[in-house]
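Notes for the structure review
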Amino acid sequence: MRAISGTVSYWKTGLPVSDVSLTLSGSQAQTSSSDANGSYAFTDLAEGSYTLTPGKSDTDLVDESITALDCTLVMSHSVGATPLQGHALTAADVDRSGEVNALDGTYILRKSVDNQSLPFPGANAIWVFDPPEQSFSPLVGNQTRHFTAILLGDPSGNWNANTTGPGGAPASFSIPALTVAPGGQVQVPVNLSLAPESASTSFNLTIIYDPAVVSVVEVARGEEIASAWSLEANTRTAGEIKVGLSGTTPVNQDGELLRITFQATGAEGTQTDLQIISGNVDEILISQDSVEGGRLRIEGPPSQQMVYLPLIRR
Ligand SMILES: [Ca+2]
Ligand SMILES: [Ca+2]
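All chains use their own residue numbering, which begins from 1 and follows the written sequence. Starting at A for chains and at 1 for ligands, labels are handed out in the order in which the entities are written. Whole-chain, interface and lining totals are the exception, using all residues; otherwise, since this is a predicted model, local features are given only for residues with pLDDT of at least 70 and side-chain atom pairs are given and counted only at 80 or more.

**Focus: the overall build of the protein chain**
Note the cut-off: In this description a helix means any DSSP run of H or I spanning at least four residues, a strand means any run of E spanning at least two, and both kinds are numbered starting from the N terminus. For a compact globule the rule gives 2.2 Å times the number of residues to the power 0.38, and the radius of gyration it is set against comes from C-alpha atoms. Residue burial here comes from a neighbour count, namely the number of other C-beta atoms, placed from the backbone, that lie within 10 Å of the residue's own C-beta, with 20 or more meaning buried, 12 or fewer meaning exposed, and in between meaning partly exposed. Working definition of a contact: two residues with C-beta atoms, positioned from the backbone, lying within 7 Å.
Looking only at helices and strands, the protein chain features 3 helices and 21 strands. Its C-alpha radius of gyration of 25 Å places the protein chain more than 25% over the 20 Å reference for a compact globule of 314 residues. Scored against the burial criterion, the 314 residues of the protein chain give a buried share of 40%. Considering only intrachain contacts with a sequence separation of at least 6, the fraction spanning at least 24 residues in the protein chain is 74%.

Next up, the structure:
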């Protein structure tokens, strides 16, 4: 009787990782996958030598896991402020270059707003495993082998963790109600108000608007509190702005976090809500109780036509 069984669990939390493919090669080729408990088993194996290799290429549950906070952790490591170790370090080297540096952080921040697809450039894998394989030469009796799964881009380790339940984020956000002339542009602040004595190093926000009324010209950092931070914005989908903000120096005061420039495209009298529909602060989800949406109304005289003068070189 020869058999191999074990479990696959997540590095930080110990949570079971399902749908991991386990490929057995050698004297007999077989494949299996881990179940909802992270368990797998091969039974009634023929005499001989084997190698068992785990793999996982789906992107289930990764969207809430690879965030601006992970970027901050990578950046803090790369400047020597807070070194990462062990599996966190493995998760941080998203392009598997053998070195954790600012490029890994840039890829993570892009992924956090869907400006980067998986696998990360150069990685050839979405998930990696410790150990990467197990050998049995020869296979004797019933063997138990466990694997640790690591999602590249998640050095915080919050994959599938329910610690990010709604309502906990120590911050609130507000957007004012403003008007803009037909055809004109307007800068709209997204204001941050932190809970007392809290400090934050990352934000992800998704803001929606009516694309029949306005379009987005630019998404910029607030000058006061976020000027030294990294910003990544995804405005490709009309009606939706996804923003990731990451900084190695924490924000610990209230102020303007973002400044979004909108162009009025709708007719006079039309208006749109500007609504923060989801987001997180350091991977703690923002509750709808802590966001105050804004509004843009198109009214007033049309803004003056821009006059373009020829550029005269001297
Ligand atoms: Ca790297
Ligand atoms: Ca994470």
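Next comes the rest of the account.
**Structural notes on helix α1 (residues 68-78)**
Of all the 11 residues making up α1, 10 are buried; the element is thus mostly covered by neighbouring parts of the structure. Those residues of α1 that fall on the buried side of the exposure criterion are A68, L69, D70, C71, T72, L73, V74, M75, S76 and H77. The inward-facing, buried residues of α1 contact α2 (86-92), α3 (102-112), β13 (200-208), β15 (230-234) and β16 (240-251).

**Things to note about the pairing of strand β1 (residues 3-10)**
Put simply, side chains in a regular strand alternate between the two faces of the sheet. As a reminder, the rule being used: Strands are treated as partners if at least two bridges between them are detected by DSSP.
Judged by which residues are buried, β1 turns out to be one-sided: I4, G6, V8 and Y10 face inward and are buried, whereas A3, S5, T7 and S9, on the alternate face, are not. For β1 and strand β4 (residues 39-42), the ladder comprises 4 bridges, and the chain directions are antiparallel. Looking at the pairing, S5 lines up with A41 of β4.

**Quick look at the nonpolar core**
What counts, and what does not: By definition, a nonpolar core groups buried Ala, Val, Leu, Ile, Met, Phe, Trp, Tyr and Cys residues that connect through C-beta atoms lying within 7 Å of each other.
In this structure, A149, I150 and V243 are the most contacted members of the largest nonpolar core, which totals 77 residues. Examining the composition of this core, we find that 6 residues originate from one element, α1, more than from any other.

**Comments concerning the sheet that holds strand β3 (residues 30-33)**
What counts, and what does not: Helix axes are fitted to C-alpha atoms over the stretch in contact, other axes to C-alpha atoms as well, and angles between N-to-C directions run from 0 to 180 degrees.
Taken in spatial order, the 4 strands of this open sheet run β3-β2-β5-β7, and their pairing is antiparallel. In this open sheet, the two strands that pair with only one neighbour each are β3 and β7 (134-136). Neighbouring strand axes in the sheet, compared pairwise and without regard to direction, differ in orientation by 20° on average. As paired strands, strand β2 (residues 21-26) and β3 are joined by 4 bridges and run antiparallel to one another. The residue of β3 that forms the bridge with S21 is S33.

**Some remarks on the environment of L24**
Residue placement: L24 occurs in strand β2. For L24, a count of 20 C-beta atoms within 10 Å corresponds to the buried category. Sequence-wise, L24 and Q275 are 251 residues apart; in three dimensions their C-alpha atoms are separated by 50 Å. Discounting chain neighbours no more than four positions away, the residues touching L24 are A29, Q30, T31, F42, Y50 and L52.

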